[in-house]
Amino acid sequence: MTVDIIPIGGLGEVGKNMTALGFDGKYVIVDMGIRLDAIMAFEDADIGRMSREELININGIPDDSLLRNRRVQAIVLTHGHLDHIGAVGKLARAYDVPIYGTPFTLELVKHVIREERTFKVKNRLQTVMPRDTINVNGIELEFIPAAHSILQTVFVSARGDGGSVLCASDFKFDEEPLIGYKTDRARLKRLANEGVLAALIGAVRVDRPEPTPSEGHARGMLKKAMDEASSSGGGIVVTTFSSHITRIKSIVDLSFELGRTPVLVGRSLGNYCTAALKLGLVDFPSDLHIHGRPNAVRKLLREIDGSREDYVLICTGHQGEPTSVLTRIADGQFPFKVRRGDEVIFSASVIPNPINESNRRLLETKLLAQGARVQRDVHVSGHAGRSGTAEFIKLVRPEHIVPCHSTFDKLRLMAGLGRELGYPNEHLHLLRNGSCLRLD
Ligand SMILES: [Zn+2]
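If you're wondering where the values come from, they're calculated on a predicted model, not measured in any experiment.

Okay, the packing of helix α5 (residues 103-114) against helix α9 (residues 267-278) next. Where α5 meets α9, the axes come as close as 10 Å, and the angle between the chain directions of the two elements is 135°. Judged on the interaxial angle alone, α9 and α5 are oblique. Crossing hand, α5 versus α9: right-handed. Residues F104, E107, L108 and H111 of α5 pack against N271, A275, A276 and K278 of α9. By residue class, the composition of the contact of α5 with α9 is 4 nonpolar, 2 polar and 2 charged.

Structure, rendered in structure tokens:
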């Protein structure tokens, strides 16, 4: 009875998360993500038209070659962020197995598959609900609720004869998630009693000692920022992650509280919000304006330009992306112009990589030059910090820990945390992409 853990992507880097879990030679693939910064480095890259090989060469998607001759039974997705599902269009079709995910995750996977231009992805999409357990050819897969910055995130627990492995790359403990569920502590506790052989735990924020504040706290920060902005009587522009439905809902609600009409502008905002509405995961007022099409956007922005004190403009551009609505506003490409008295609120932190950092600096420089006030980091993270990670480890008590989802410095930090919690070195595993940890 052997259990294999093979990280395919996501170790020593932030992005392209993908892991294979093997039980006596039968494998389950958890996540298939892209690495956004690698893809963004090629400015005109259209992922849909690039081949698997091209994308592997630029480090944009995981190199899954070593899985090609193994007996893969299922592809399982933890949540809908692109660094977890973005490579489904390129990699999944090589495996003649279903793709399992929660409704929101699979709704987003459909977009990824639709954008695939070089071939058809034919894998069956199989919806599972949080708290479901299914059996795939003798491997038991359980989907455990986890709070994160996207709805319907789950931990995946995979159990075979040799023991169980828990994948917990993206989560936080949040007492006030506003929409959706809290991380299921009670189930994790029971799982610990049943015995967890190994846990893959995300290390992306393990360098931060303070507890990650709740989404309710983010709403409070936004309220303060938007109240201040509104009192000056100018325009309010807010930008955040298009996939962060809870945050968008807070901005929409707070806009109404200020007596202003919220307007959502941008293609990706439209896609994510439409998916959430379709599944009944969020209740926006029926007359909420969500616009992605260029002509409608232009018309609306002209109207807002004339009476900016009546609106809150919610748009794409939190990382300074060159084709986003906010960047194009700053570049004078739309009839709405930012001017003195207006406030631009970034409800997002800069995802640290050189491209985002320079794009964002450039965008802020332009906005400030046009007279706007800029508020940064009106945001809380979706990832547990050091204290949340320690709580998770104490709750789950895995026999072995595999730090994942980060650069090597942070993977080492998590190993250090494990040592502090009493783990011997032989049970803390610093792996690399493509290596295999076999637990007998
Ligand atoms: Zn995530």
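It is worth spelling out the nonpolar core at this point. Considering soluble globular proteins, one finds that nonpolar side chains tend to be buried as a cluster. If you look at the biggest cluster of nonpolar residues, it comprises 131 residues, and the most contacted ones within it are V28, V76, V88 and I314. Examining the composition of this core, we find that 6 residues originate from one element, α5, more than from any other. When we break this core down by domain, the ones giving at least three residues each are domain 1 (3-211 + 382-439) and domain 2 (215-375). When sequence neighbours within four positions are dropped, the list of residues in contact with V76 reads V28, I29, V30, Y100, L141 and V156.

Moving on to helix α14 (residues 408-420). Counted at 1.5 Å a residue, the expected span for α14 with its 13 residues is 18 Å, and the 18 Å between its end C-alpha atoms agrees. Buried residues along α14 sit against β11 (198-202), α13 (386-396) and β18 (400-404). Phi for G422, located one or two positions after α14, is positive at around 100°.

With that settled, consider the sheet that holds strand β14 (residues 289-291). As summarised here, the arrangement of the 6 strands in space is β14-β13-β15-β12-β16-β17, forming an open sheet in which the pairing is parallel. The strands lining the two open edges of the sheet, one partner per strand, are β14 and β17 (373-375). Pairs of neighbouring strands in the sheet enclose a mean axial angle of 20°, with direction left out of account. Note: strand β12 (residues 236-240) against strand β15 (residues 311-315), 4 bridges, orientation parallel.

Right, let's talk about the sheet that holds strand β10 (residues 163-168) for a bit. Taken together, 6 strands build an open sheet; the order of strands is β7-β8-β9-β10-β11-β18 and the sheet is mixed. The open sheet has two edge strands with one neighbour each: β7 (133-136) and β18. Sheet twist, expressed as the average angle between the axes of neighbouring strands with direction ignored, equals 20°. As paired strands, β11 and β18 are joined by 5 bridges and run parallel to one another. Bridge pairing in β18 links A199 to I401.

Another point: the environment of G180. Here G180 is to be found in the loop between β10 and α6 (185-194). For the pair G180 and A146, spaced 34 residues apart in sequence, the C-alpha to C-alpha distance is 9.5 Å. When neighbours within four sequence positions are excluded, G180 is seen to be in contact with L151, Q152 and T246.

Considered domain by domain, the protein is made up of domain 1 (3-211 + 382-439) and domain 2 (215-375). A separation of 31 Å is found between the C-alpha centroids of domain 1 and domain 2. Listed by partner, the interface residues are 19 residues for domain 1 and 19 residues for domain 2. Within the residue set of the side of domain 1 that touches domain 2, elements represented by two or more residues are α1 (36-40) and α5. The greatest single-element share of the side of domain 1 that touches domain 2, amounting to 5 residues, is contributed by α5. By residue class, the composition of the side of domain 1 that touches domain 2 is 10 nonpolar, 5 polar and 4 charged.

Here we take up the packing of helix α7 (residues 215-231) against helix α8 (residues 245-257). Relative to each other, α7 and α8 sit at 35°, their axes nearing to 10 Å. For the pair α7 and α8, the crossing hand works out as right-handed. In this structure, α7 uses E215, A218, R219, L222, K223 and M226 to contact α8, whose residues at the interface are T246, R247, S250, I251 and L254.

So, about unusual backbone geometry. If you check the backbone angles, K16 has positive phi at about 35° while not being a glycine. Exposure remark for K16: the 30 C-beta atoms within 10 Å place this residue in the buried category. Even without being glycine, D24 reaches a positive phi, approximately 50°. Mapping D24 onto the fold places it in the loop between β2 (18-23) and β3 (26-30). Since 14 C-beta atoms lie within 10 Å of it, D24 is described here as partly exposed.

Turning next to the pairing of β2. Across the 6 residues of β2, 6 count as buried, placing the element largely inside the fold. Every second residue of β2 is oriented toward a common face, with M18, A20 and G22 on one face and T19, L21 and F23 on the other, all of them buried. Across 6 bridges, strand β1 (residues 3-9) lies against β2 in antiparallel orientation. Within β2, the position partnered with D4 by the bridge is G22. Bridge analysis of β2 against β3 gives 5 bridges, and the strand direction is antiparallel. Across the sheet, the residue bridging to A20 is I29, located in β3. The antiparallel hairpin formed by β2 and β3 contains 2 residues in its connecting segment, where D24 sits at a positive phi of about 50°.

Conventions and cut-offs
Residues numbered from 1 in each chain as written. Predicted model: local features only at pLDDT ≥ 70, side-chain atom pairs only at ≥ 80, totals over all residues. Axes fitted to C-alpha atoms, helices over the stretch in contact; angles between N-to-C directions. Helix = DSSP H or I, 4+ residues; strand = E, 2+ residues; numbered from the N terminus. Parallel < 35°, antiparallel > 145°, perpendicular 65-115°, else oblique. Left-handed = near helix turned anticlockwise from the far one by under 90°. Contact = placed C-beta atoms within 7 Å. Nonpolar A, V, L, I, M, F, W, Y, C, P; charged D, E, K, R; others polar. Core = buried A, V, L, I, M, F, W, Y, C linked by C-beta atoms within 7 Å. Buried ≥ 20, exposed ≤ 12 C-beta atoms within 10 Å, placed from the backbone. Domains from an automatic or database assignment. Expected span 1.5 Å × (residues − 1). Pairing = 2+ DSSP bridges.

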